[in-house]
Each structure stands twice: as structure tokens, then as C-alpha cells.
Amino acid sequence: MASTASAEPFGAAPALRRLYVIRFVFAAAWASLLLLSGSELTAEAKVLLFLYPAFDVAAAVVDARSARAAGPVKGLYANMAASVLAAIGVAVASTSGVADVLRVWGAWAVVSGLIQLLVGVARRPMGGQWAMILSGGISVLAGATFIRSAAQDNPSLTTLAGYATLGGIFFLVSAIRLSRSTPRH
């Protein structure tokens, strides 16, 4: 991953900034809709739970396309694979109950958080990546918390809204930082 950092062209920053803003807007809207649907596994909640990792796949595809000229994008491909598996896993788990959804979501949060942290470290020379690094680390911790909370009586989906909101805020902070960053040569 370290070679990605030195090869990342600074021209990729505007595309990444736009993508980060879109991810913020999506996360905020998604979290609001999940909170409105409550903690039950309604049909609407199941669709929302599937859409979040599916959107992550689409965002990683856009990111990889804009970063392809920059060199290796293995971390983004790993994220796509993890998110595809999460979308399928959440769809299957949602037929069993909230606890199973939280287990799948937690495992995905751990894996995708590690990937996000590594991609953020590799992109540090672009600027604006400290929030992505921090977000990746927090995602790992949150994932472990989701898995642990699945064993509690009456596990709740509402904690996922907080997770999405915080992740969206980190994307917004990175977008703002990218717009203020100047290329370091």
C-alpha cells in the first residue's frame, strides 16, 4: 500500500473530494431513514440495511476508477469484495433477526475499517486523510461493539445510524481538508 501514496496524483483530489461529499450526504440521509424506521426489521429497514454496503461498493468503484492512474488500488478492490459480501450477508441475516444483522454488520465494519485505515495511510501525501485514518480505526472498534451487542437482550439497529452518521462526518471533514490541502512535492 505504501507505493500508492507516492504515486497518487494530486489531480485525483477533486474527484475524491466530490465522492467524499456524496458519501457524507448519503450517510446522513441513510441514518435519518434508519432512525425513522425504528429498530424492527421491517421491509424498509431490510432495504436500507442492504443499501448501505451496496452504496459502499459503488463508491469504491468510483474511487478506484478515479485513482487507477495513481497506481495500485488493491485496498479499494478489497473494500469492494468486503462490501459485496456484507450486502449479501446482511440480506440473508435480516431474515433471521436483528442480532444476526449486527453480527454481519460488525464483521464488515471491522474488515472495511482496517481497509479504510490502510488506504488513508497510503493517501496521506494527498492531504485530508487523517479523518479517514481515524474513521477506519473507529470502524474497527464499532464493529467489535456491534458483534458484542448482538448477544444482548433486545439488540437494536439504531446504533447503526450513529455509526453511519459519524462515518459521514469523517468523509465531510476529509472533503474539506482535501480542498484546503496543497500538494507537497
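That block above? That's the structure.
The structure displayed is predicted, hence computed values, not measured ones.

About the cut-offs
- Residues numbered from 1 in each chain as written.
- Predicted model: local features only at pLDDT ≥ 70, side-chain atom pairs only at ≥ 80, totals over all residues.
- Heavy atoms only, no water.
- Helix = DSSP H or I, 4+ residues; strand = E, 2+ residues; numbered from the N terminus.
- Buried < 20%, exposed > 50% of the residue type's maximum accessible area, 1.4 Å probe, protein only.
- Contact = heavy atoms within 4.5 Å.
- Areas by Shrake-Rupley, 256 points an atom, 1.4 Å probe, with all protein chains shown as cover.
- Salt bridge = Lys/Arg side-chain N within 4 Å of Asp/Glu carboxyl O.

Draft legend 1. Representation of the overall build of the chain in the model. Within the chain, the regular secondary structure consists of seven helices and zero strands. When burial is assessed residue by residue, the chain has 45% of its 185 residues classed as buried. Here the analysis covers contacts within the chain between residues at least 6 apart in sequence; of these, 78% occur between residues at least 24 apart. Entry remark: accessible area of the chain is about 8900 Å², with carbon and sulfur atoms responsible for 68%.

Draft legend 2. How the structure looks around the pattern of salt bridges. In the structure shown here, the tally under the stated rule is two salt bridges. Close ionic contact of Asp56 with Arg23 constitutes a salt bridge, the shortest N to O distance being 2.2 Å. Of the two residues, Asp56 sits in helix α3 (residues 43-67) while Arg23 sits in helix α2 (residues 13-37), which places them 33 residues apart along the sequence. Across the pair Arg103 and Asp100 runs a salt bridge, and its minimum N-O distance is 2.7 Å.

Draft legend 3. Main features of the environment of Val140. Relative to the helices and strands, Val140 is located in helix α6 (residues 130-149). Judged by its relative accessible area of 22%, Val140 is partly exposed. When the C-alpha positions of Val140 and Val111 are compared, they lie 7.1 Å apart, and in sequence the two are 29 residues distant. Setting aside chain neighbours within four positions, we find Val140 in contact with Ala109, Val110, Gly113 and Leu114.

Draft legend 4. Layout of the side chain of Ser149. Mapped onto the elements of the fold, Ser149 is located in helix α6. If we skip the residues at most four places from it in the chain, Ser149 touches Leu102 and Pro155.

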